[in-house]
Amino acid sequence: ADLKVLVTGAAGQIAYSLLYSIANGDVFGKDQSVTLVMLDIAPMAGVLEGVVMELQDCALPSLKKVISTTTVEEAFADIDYAILVGAMPRRQGMERKDLLKANAKIFKEQGQALDKFAKKTVKVLVVGNPANTNCLIALTAAPSIPKDNFTCLTRLDQNRAQSQIAARLGVSNDCVSNVIIWGNHSSTQYPDVAHASVKCGDTESSVVSCVKDDNWLNGEFITTVQKRGGAVIAARKLSSAMSAAKAICDHVRDWHFGTKGDKWTSMGIYSNGSNYGIKEGIIYSVPVRIAPGGAFTAVTGLSISDFARSKMDETAEELFGEKLMAMEFMSS
Ligand SMILES: NC(=O)c1ccc[n+]([C@@H]2O[C@H](COP(=O)([O-])OP(=O)(O)OC[C@H]3O[C@@H](n4cnc5c(N)ncnc54)[C@H](O)[C@@H]3O)[C@@H](O)[C@H]2O)c1
Ligand SMILES: O=C(O)CC[C@H](O)C(=O)O
């Protein structure tokens, strides 16, 4: 059957890279026909039309139909996937709090629209920042959809961490696996390589034993990944877009087709209180294994050092703080 995939913020910069990849079959496969639904706000209707024209002009075989709209009723009707990108990005000088205030109401409205109009099996990926808390807002506003159908993007952080390690070791990016991102998609996230491995030829070794520099791994490596989004904003005067779109494709592809073998990937999921002492009630990034079709389970039994524990708690605390702030904004 045809897949109906919604991308919000479809006139924006991330969408400009993302829409092509989805329409080209890079996410759901070349044999899967896709109806692409594109939502943006009314003032962007003209730009949206231009993007529709370009998608048509790509003449892609797996793109069955394009629907562009500025109303949530039409956008969320009967969708299989909702990729929620549309939100204000942080610019230089803006705090996360400013962003939460501006964006929280978008995700409440869209959560309600998911509840009302989407398939109950819809898979939701929240990208718009603050991604974890926006995801929690959407989930809360959509009680008829299972909580495990809501995730937020931390794959960009995982890709950043993986590429930092690969560059340090002088190996290609695909040699490095099982890096973990814990917690918030923010500068308190904990990129963790304690369980990561690097494959050179036929031999697989731990990243820690290959890097042989714990000071770097526990210091500069972590801060580089934590601050990478801000560094891109400072350099481009715009938020990351090409790399964000690529990470969205990786996330959704793995959610659709599943992870391979004993490999895992990180995504922000609803914390039900049973993973690694992370309390219930926030969207927190953990390593997951995914079955074909999308059922996922958090990877269990990983040893957690005292250093990791304090980092994991710090990012959880930030998320509970954001949750409180979001609740205040919503009630005022
Ligand atoms: N989680 C991540 O890893 C990650 C990475 C990069 C960017 N982001 C976030 O993604 C978001 C989008 O970034 P961008 O660079 O594409 O921004 P952008 O400003 O280029 O595009 C955002 C688009 O969303 C639209 N929009 C605003 N409100 C909307 C609504 N209610 N419904 C539908 N569309 C709406 C805007 O009109 C605009 O076209 C930002 O919040 C950014 O911070 C997240
Ligand atoms: O606003 C930020 O600090 C980050 C923007 C984006 O989420 C990224 O990670 O590139």
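Residues numbered from 1 in each chain as written. Chains lettered and ligands numbered in written order. Predicted model: local features only at pLDDT ≥ 70, side-chain atom pairs only at ≥ 80, totals over all residues. Heavy atoms only, no water.

Focus on the environment of Glu54
- Turning to its location among the elements, Glu54 is positioned in helix H2 (residues 45–57).
- For Glu54, a relative accessible area of 41% puts it in the partly exposed group.
- Sequence separation between Glu54 and Asp98 is 44 residues, and the spatial gap between their C-alpha atoms is 34 Å. (Helix = DSSP H or I, 4+ residues; strand = E, 2+ residues; numbered from the N terminus. Buried < 20%, exposed > 50% of the residue type's maximum accessible area, 1.4 Å probe, protein only.)

Quick word on the site of ligand 1
- The environment of ligand 1 is made up of 26 residues, and the closest members are Gln13, Ile14, Asp40, Val127 and Asn129.
- At 2.6 Å from an oxygen atom of ligand 1 is found a side-chain nitrogen or oxygen belonging to Asp40.
- Calculation on ligand 1 without its partners gives an accessible area of 870 Å², and the protein chains cover 90% of this total.
- Taken together, the elements giving at least two residues each to the shell around ligand 1 come down to helix H1 (13–23) and helix H4 (96–117).
- The residue makeup of the shell around ligand 1, split by class, is 15 nonpolar, ten polar and one charged. (Near = heavy atom within 4 Å. Polar contact = N/O pair within 3.5 Å; in protein donor to acceptor, adjacent residues only side chain to side chain. Areas by Shrake-Rupley, 256 points an atom, 1.4 Å probe, with all protein chains shown as cover. Nonpolar A, V, L, I, M, F, W, Y, C, P; charged D, E, K, R; others polar.)

Section: the nonpolar core
- Judged by nonpolar contacts, the single largest core of 40 residues is most densely connected at Phe221 and Tyr284.
- Once residues within four sequence positions are removed from consideration, Phe221 is found in contact with Ala161, Gln164, Ile165, Pro191, Val193 and Trp216.
- Among the nonpolar cores identified, the runner-up in size contains 36 residues, and Leu19, Ile22, Val127 and Ile248 belong to it. (Core = buried A, V, L, I, M, F, W, Y, C linked by side-chain atoms within 4.5 Å. Contact = heavy atoms within 4.5 Å.)

Regarding the site of ligand 2
- Taken together, Arg90, Asn129, Arg160, His185, Gly229, Ile233, Ser239 and Ser240 make up the full set of residues adjacent to ligand 2.
- In the complex, 88% of the free accessible area of ligand 2, which totals 290 Å², lies under the protein chains.

A word on the confidence of the model for the chain
- Per-residue confidence for the chain averages 96 on the pLDDT scale, and 100% of its residues sit at or above 70.
- Highest mean pLDDT in the chain belongs to strand S6 (residues 150–152) (99); lowest belongs to strand S10 (residues 197–200) (92).
- Interface predicted TM-score (ipTM) for the complex: 0.99; the corresponding pTM is 0.98. (pLDDT = per-residue confidence, 0-100.)

Notes on the side chain of Thr265
- Position of Thr265 relative to the elements: it lies in strand S12 (residues 265–270).
- Side chain to side chain, Thr265 and Gln158 meet in a polar contact 3.1 Å long.

A closer look at the packing of aromatic side chains
- What the rule picks out here adds up to five aromatic pairs.
- Between Tyr190 and Phe307, the aromatic rings sit 6.1 Å apart at their centres with planes inclined by 80°, giving edge-to-face as the arrangement. Residue Tyr190 is found in strand S9 (residues 190–192), and its partner Phe307 is found in helix H12 (residues 306–331); the two are separated by 117 residues along the sequence.
- By relative accessible area, which is 32% here, Phe307 ends up partly exposed.
- Each ring, one from Trp255 and one from Phe296, has its centre 6.4 Å from the other, and the planes form 55°; the classification is tilted. In this pair, Trp255 sits in helix H11 (residues 242–257) while Phe296 sits in strand S14 (residues 296–298), placing the two residues 41 residues apart along the sequence. This pair shows no difference in class: Trp255 is buried, exactly as Phe296 is.
- The ring of Trp216 is capped by Arg168, whose NZ or CZ atom sits 4.3 Å from the centre of that ring.
- In this structure, Lys279 packs its charged tip against the face of Phe320, placed 5.8 Å from the ring centre. (Phe/Tyr/Trp six-rings, centres within 6.5 Å; stacked < 30°, edge-to-face > 60°. Lys NZ or Arg CZ within 6 Å of the ring centre and 35° of its normal.)

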